Structures are given as structure tokens and as C-alpha cells.
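# Descriptive structure summary
If you want the building blocks of each chain, they are given just below.
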Amino acid sequence: MSVTYDVAVIGAGPAGYVSAIRCAQLGLNTVCIDDWKNQDGKASLGGTCLNVGCIPSKVLLESSENYERIRDNFPAHGITVEGLKLDVGTMQARKEKIVRTLTDGISALFRKNKVAIIHGRASFTGSSARWKLEVVQHDGKTESVEARHVIIATGSTPRQLPQVPVDNKRVVDNVGALDFKEVPKRLGIIGAGVIGLELGSVWRRLGSNVTLFQTKDAFLSSVDDQLAAEALRIFTRQGLVIHRGVKFSSIKVSSKNVAVEFENKEGTQKQLFDKLIVAIGRAPNTAGLDAGKVGLKLDEQGYIDVDEHCHTNLQNIYAIGDVVRGPMLAHKGSEEGVAVAELIAGQAGHVNYATIPWVIYTSPEIAWVGQTEQALKVAGVEYCKGTFPFSANGRAHALQETTGLVKVLADAQTDRILGVHIIGPCASELIQEAVVAMEFAASSEDIARIVHAHPSLSESLHEAALGVTKRSIHI
């Protein structure tokens, strides 16, 4: 006998659990089906983001930054710490405690909003008046579910290197890289994108010699060129070794190390690593859905094909988050989840993809919204720009965080803000003012006329906006 719902959400990551809660808030009888298990084999809501992605990585980033500040920055403040020690076990325990707190919090939110939860793997079995799903639960039992609407939020999985299988011992993905029991002396990372740089930054601060490899010549190609060049200079100065334009000759794993032989413009080289992280991106997770059984359309890359409102090719089936087009960002998936819930309830759900902020949580952080300068050039858009360095900001000096800059790009004719790019302290927080400004179609003049508190880091955005019309005060 099937249990019937208005909405069945498959996946309880940031896209799925937010969508399920919003559906329930709107009066829809909702079930969320999720297959995630933690390292103890127990059900754990929150998907990759909360369990082995966004949250645990930021916890470790904060721990490693504190360690580096005490070691390298505190003496300049007149603070000397003798006998500084690193306890990786305690650091990892703190991470796990925070993860448990937040994942348990989703369970509490489901109870509060009366969202039913089934722990297991869902697949389509057919349709009649409603869509039919079969759920193989964690205890091995099978449950049948019917729902008028289905929201697919199954997320993504790490891409693999065919020639080097991940065992999460010597060769690891993001899961293994967040769970080291000790600091590897020599750490190699294949992939110098967001994941590779963040994880590399954690272990470099804690004492690893970190080398990153990427096959492309361009560094951080999705970032504004000026900021990418600044980031490469800063990260190299910090001690990250970044090889670009690499071709791998061989990668051999032994019980003692991983031997990587590669070629680049400097010739053929070979390096040995204690651990090798594979961070070459993520792929949409549609395995096990039996999409073909009901005719659900996927594109050539495995993403579920959707329109601008996240409708699939099938009536009353939606897909959101990492499993569809667009950036693989938790907040993008969450907003799609809210929009779809509101559409199902007859409201005007909408996501403005032009104002989604991006953040790389390195130190300094990198954040941006809107178009890059190189994209505007390719499109032939006339623009003006203003930049301002954190080296001229008083609060940045007090924080001992003076590297980086803010860039504002505005339409040359209308002055409407087209993009804002930041590399520097607290960029992830500062970018939100730019997001709000762009959402309300603000001009650079609008930000330039707003009074910003002094001393504050936000004054750098103010000065960059003033710089669009060449009237910055402090540089």
C-alpha cells in the first residue's frame, strides 16, 4: 500500500531540505526522501554540504587560520604564545560536533514544519494520477510513495580520475581530505579550483608542503582576470606551489606514497606525496533514480534538463540544485527550492541568476557577483571601473589583512552596476551589499552616495564605487 503526499522531495541537501520546508509552510503535505549515511552508517540529513562539504571545510579553514594567526601574526600585536601545539584530533572532533549540531537541526526543522522523512534511496516506478516512487530504506525494507509533485534534489558527486581510484587512504576526495588524522608532510592536489585551493590552504597552514596541479593554463578562469592574477600571486607567496598546463605521464600508488610524473612547460618532473587529493570538480548525481523508466530527460553531461522555472520535461516533476544547470552553489539550490515550492503552491516563485554571489573561502577570500571585466569586453559592453586596495583601508590595517582589492564595474552609459569583485578580508560578507545593490538595479553612484561606517572594511567598496567616476578620496 502506498503512502500519498502532495510533494515528494528526493534529497535533503541545501536544495532539498529547504524546498521541503517551504512546501510544508505553504500547506502542502510533504515527504523528503534522503539516502545519506554518515561515517558511522547512520542517517544524516544535509547532503554533501553539511556532512562533507561546505560546513566541515569552513570549520577546518577557521581552525587553520587561527593556528596561523597565532604562529605568524600575533607577535606583531605584542602577543607571544609559547609552546604552540596542534592537536588534529581535537580539531576534527570540533568539526564533527558542529556537523552533528547542524544536521540534527534539520531533523528538528522537519519536525517543526511537519515534513515527513524517509531514509532510503528513491526511484521512479511509474505514474497514474500521481507519480509513483519506490524507496529502499536503510533497514532494507521497501516503501511505496505516491505524490502529485516530485522535486529532485539529489545533488552531485566528486568526479573521479579513471587511472587513479579513490580509496580515501592514499588517494582521497573531499571526504577523505576533511578527515586526515595527522598533517601530511607532502600533499598533492589534482585540481586548482575552489575545492583544491580551500583544502590546500587548510593543510598548508597546518604544516603541509602543498602542490596543486591543473591541466588548464588559466588560473581560476571563472574569476575576474585581475583578481585571479592577484590571487595567484598571493597564494604562491603564501607557499602553495601551483603547476598549470600539466599533462600527467603516470600516477602510481604504493603503500608508502603516491608518485606523480607530469609534464609542463618546464619539462618532465616527478614528485612523491604522502596523500593525493582528487579535486577535479563534481558531477550530477542521477544514479538510481530510474529516470529512463518514466522518460525523464537528461542532457549529454548527465544533468536533468529543466527550463528557467526548474520544470523538467515531465508534468509536475521539478529538479533543483547541483543536479541541474547553473553553478553548483548551496545557496543557488536553496533559492531554487523555495521558488519551486512557491510555484507548486500557485505563487510567483523566481530566482535571479544574475545576482547569485560566488565565494572562494581562501585567505584572503574571493567573492563576486555579476559579470567579469573579460566577459564585458567579449560582449562589447562599454563600462567604467573603479578599484580600491585594502592596503589603503584603516580597518584592514588593524586586522593585519591588507592584501587584495575591490573592483566595481558599471555601465558607461547608465552607470548601472554590472559586477563587483572582491579579494580580501571578509569578502564573503562584503559582497552582500553588492548583491542587494544589483538586485535593486543600483548605480555606482548609489553606493558612492551611501554613508559607510568608519573605520570599516565596507569603506573599500564605497571608495571603489567612487572610483568609477575617478573621485576616490583615499587613494
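Here's what I pulled together on the structure shown here. (Residues numbered from 1 in each chain as written. Predicted model: local features only at pLDDT ≥ 70, side-chain atom pairs only at ≥ 80, totals over all residues. Heavy atoms only, no water.)

Taking 1.5 Å of rise per residue, 15 residues should cover 21 Å, and helix α9 (residues 330–344) covers 21 Å from first to last C-alpha, within 8% of that figure. Buried within α9 are the following residues: Lys332, Gly333, Ser334, Glu336, Gly337, Val338, Ala339, Val340, Ala341, Glu342 and Ile344. Of the surrounding secondary structure, the elements contacted by the buried residues of α9 are β1 (3–10), α1 (14–25), β5 (142–152) and β16 (317–319). A positive backbone phi angle near 90 degrees is found at glycine 346, which sits one or two residues after α9. (Helix = DSSP H or I, 4+ residues; strand = E, 2+ residues; numbered from the N terminus. Expected span 1.5 Å × (residues − 1). Buried < 20%, exposed > 50% of the residue type's maximum accessible area, 1.4 Å probe, protein only. Contact = heavy atoms within 4.5 Å.)

With that settled, consider the sheet that holds strand β8 (residues 186–190). Across the sheet, which stays open at both edges, the 5 strands sit in the order β7-β14-β8-β9-β10 with parallel pairing between neighbours. Strand pairing shows two members of the sheet lacking a second neighbour, β7 (171–172) and β10 (241–243), which therefore form its edges. Sheet topology note: the β7/strand β14 (residues 275–278) ladder contains 2 bridges and is parallel. Bridge assignment links valine 171 to a residue of β14, and that residue is leucine 276. Helix α6 (residues 194–205) contacts β8, β9 (209–213), β10 and β14 of the sheet and is inclined by roughly 165 degrees relative to β9. (Pairing = 2+ DSSP bridges. Axes fitted to C-alpha atoms, helices over the stretch in contact; angles between N-to-C directions.)

By the definition in use, this model includes 6 aromatic pairs. Consider the rings of phenylalanine 180 and tryptophan 203, whose centres lie 5.1 Å apart with planes at 45 degrees: the pair is tilted. Of the two residues, phenylalanine 180 is situated in the loop between α5 (174–177) and β8 and tryptophan 203 in helix α6; the sequence distance between them amounts to 23 residues. Across the pair, tryptophan 203 and phenylalanine 180 agree in class, each one buried. Ring centres of phenylalanine 213 and phenylalanine 248 lie 5.7 Å apart, and the angle between their planes is 65 degrees; on these two criteria the pair is classed as edge-to-face. (Phe/Tyr/Trp six-rings, centres within 6.5 Å; stacked < 30°, edge-to-face > 60°.)

Looking now at helix α3 (residues 54–73). The terminal C-alpha atoms of α3, which comprises 20 residues, lie 26 Å apart, in line with the 28 Å expected from a rise of 1.5 Å per residue. Listed in full, the buried residues belonging to α3 are Pro56, Ser57, Val59, Leu60, Leu61, Ser63, Ser64, Glu65, Tyr67 and Glu68. Those residues of α3 hidden inside the fold are in contact with α2 (47–52), α4 (88–113) and α6.

Nonpolar side chains in soluble globular proteins generally cluster together in the buried interior. In terms of nonpolar packing, the biggest core is built from 37 residues, with Phe219, Leu220, Phe235, Ile242, Ile277 and Ile366 touching the most fellow members. If you list the elements that add at least two residues to this core, you get α3, α4, β8, α6, β9, α7 (225–238) and β18 (365–370). Per element, the largest residue contribution to this core is 6 residues, and it comes from α7. With near-sequence residues (within four places) excluded, phenylalanine 219 lies in contact with Ala192, Leu197, Gln214, Ala228, Ala231, Leu232, Phe235, Ile242 and Arg244. Listed in part, the 28 residues of the second largest apolar core include Val420, Ile422, Ile447 and Leu461. (Core = buried A, V, L, I, M, F, W, Y, C linked by side-chain atoms within 4.5 Å.)

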